[in-house]
Amino acid sequence: QVQLVESGGGLVQAGGSLRLSCTASGTISSINSMGWYRQAPGNQRELVSIITSGGNTNYADSVKGRFTISRDNAENTVYLQMNNLKPEDTATYYCNAVLRSRWFSPLLEVWGQGALVTVSS
């Protein structure tokens, strides 16, 4: 069984910064990608950023230039540094990983429990 544990959410004023962390634990053979999605009340869950095992990254247009994703493969951990936060960034942020528990296992998608980020104006 694999779990993703997130930390780092909270309340911040507009223009401020927060850093989210997410660590995968359990039986893990390899992780293809890790990333962050967010969901604001009344909205669908949307991709924020993703990083592959090779370090390739992708960002939503709304966060480009403000958010930076990074990954520690040895620790199975992904980070999201969020700078110049705006009230519209307010949402629950979910960590996501696509991985294999064992080398012969099919790819598995796992989600974290969510971290609330609130940006006040």
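Residues numbered from 1 in each chain as written. Predicted model: local features only at pLDDT ≥ 70, side-chain atom pairs only at ≥ 80, totals over all residues. Heavy atoms only, no water.

1. Side note on the overall build of the chain
Selection rule: Only DSSP runs of H or I covering at least 4 residues are called helices, and only runs of E covering at least 2 are called strands; the numbering of each starts at the N terminus. Values of the radius of gyration come from C-alpha atoms, whereas the globule rule sets the reference at 2.2 Å times the count of residues to the power 0.38. Buried, partly exposed and exposed residues are distinguished by accessible area as a fraction of the type maximum, computed with a 1.4 Å probe on protein chains only: under 20%, between the cut-offs, and over 50%, respectively.
The helix and strand inventory of the chain stands at zero helices and eleven strands. Going residue by residue from the N terminus, the α and β elements of the chain occur as β-β-β-β-β-β-β-β-β-β-β. Computed over the C-alpha atoms, the radius of gyration of the chain is 14 Å, within 12% of the 14 Å expected from 2.2 N^0.38 for a compact globule of 121 residues. Seen along its three principal axes, the alpha-carbon backbone of the chain occupies a region of about 50 × 25 × 20 Å. Counting all 121 residues of the chain, 40% fall into the buried class.

2. Side note on the side chain of Ser33
Rules: Two residues qualify as a contact provided that any one of their heavy atoms is within 4.5 Å of a heavy atom in the partner residue.
Along the chain, the position of Ser33 falls in strand β4 (residues 30–39). In this structure Ser33 touches Ile50, Ile51, Thr52, Arg71, Asn96, Ala97 and Val98, once residues within four positions along its chain are discounted.

3. Brief notes about the packing of aromatic side chains
Put simply, the rule reads: Ring pairs are drawn from Phe, Tyr and Trp, using the six-membered ring of Trp, whenever the two centres fall within 6.5 Å, and their geometry is named by plane angle: stacked under 30 degrees, edge-to-face over 60, tilted for the rest.
Considering all chains together, one arrives at two aromatic pairs under this definition. Look at Tyr37 and Trp111: their rings are 5.0 Å apart centre to centre, the planes differ by 65 degrees, and that puts the pair in the edge-to-face class. Taken together, the residues Tyr37 in strand β4 and Trp111 in strand β10 (residues 108–111) connect sequence positions 74 residues apart. Accessibility expressed as a relative area gives 33% for Trp111, which makes it partly exposed. Between Trp103 and Phe104, the ring centres sit 5.5 Å apart and the planes meet at 90 degrees, which makes this aromatic pair edge-to-face. Neither Trp103 nor Phe104 differs from the other in exposure class; each is exposed.

4. Digging into the side chain of Arg38
Under the convention used in this document: Polar contact is the term for a pair of N or O atoms within 3.5 Å; when the atoms are in protein, one must be able to donate a hydrogen and the other to accept it, and sequence-neighboring residues count only if both atoms are side-chain atoms.
Counting through the fold element by element, Arg38 comes out in strand β4. Separated by 3.0 Å, the side chains of Arg38 and Asp89 make a polar contact. In this structure the side chain of Arg38 is engaged in a polar contact, spanning 2.9 Å, whose partner is the side chain of Tyr93. Among all residues touching Arg38, those that are not within four sequence positions of it are Gln44, Arg45, Glu46, Val48, Ser62, Val63, Phe67, Glu88, Asp89, Ala91, Thr92 and Tyr93.

5. Describing the nonpolar core
Let me state the cut-off plainly: Buried residues of nine kinds, namely Ala, Val, Leu, Ile, Met, Phe, Trp, Tyr and Cys, make up a nonpolar core once their side-chain atoms join them within 4.5 Å.
If you look at the biggest cluster of nonpolar residues, it comprises 31 residues, and the most contacted ones within it are Trp36, Leu80, Met82 and Tyr93. When contributions to this core are tallied by element, the ones reaching two or more residues are β1 (2–7), β3 (18–26), β4, β5 (46–52), β7 (67–72), β8 (77–82), β9 (91–100) and β11 (115–120). Beyond its immediate stretch of four places on either side in the chain, Met82 contacts Gly16, Ser17, Leu18, Leu20, Arg66, Phe67, Tyr93 and Val117.

6. Regarding the environment of Ser33
Residue class for Ser33 comes out buried when judged on its relative accessible area of 11%. Residues Ser33 and Ser49, 16 residues apart in the sequence, show an inter-C-alpha distance of 11 Å.

By themselves these figures say nothing about function.
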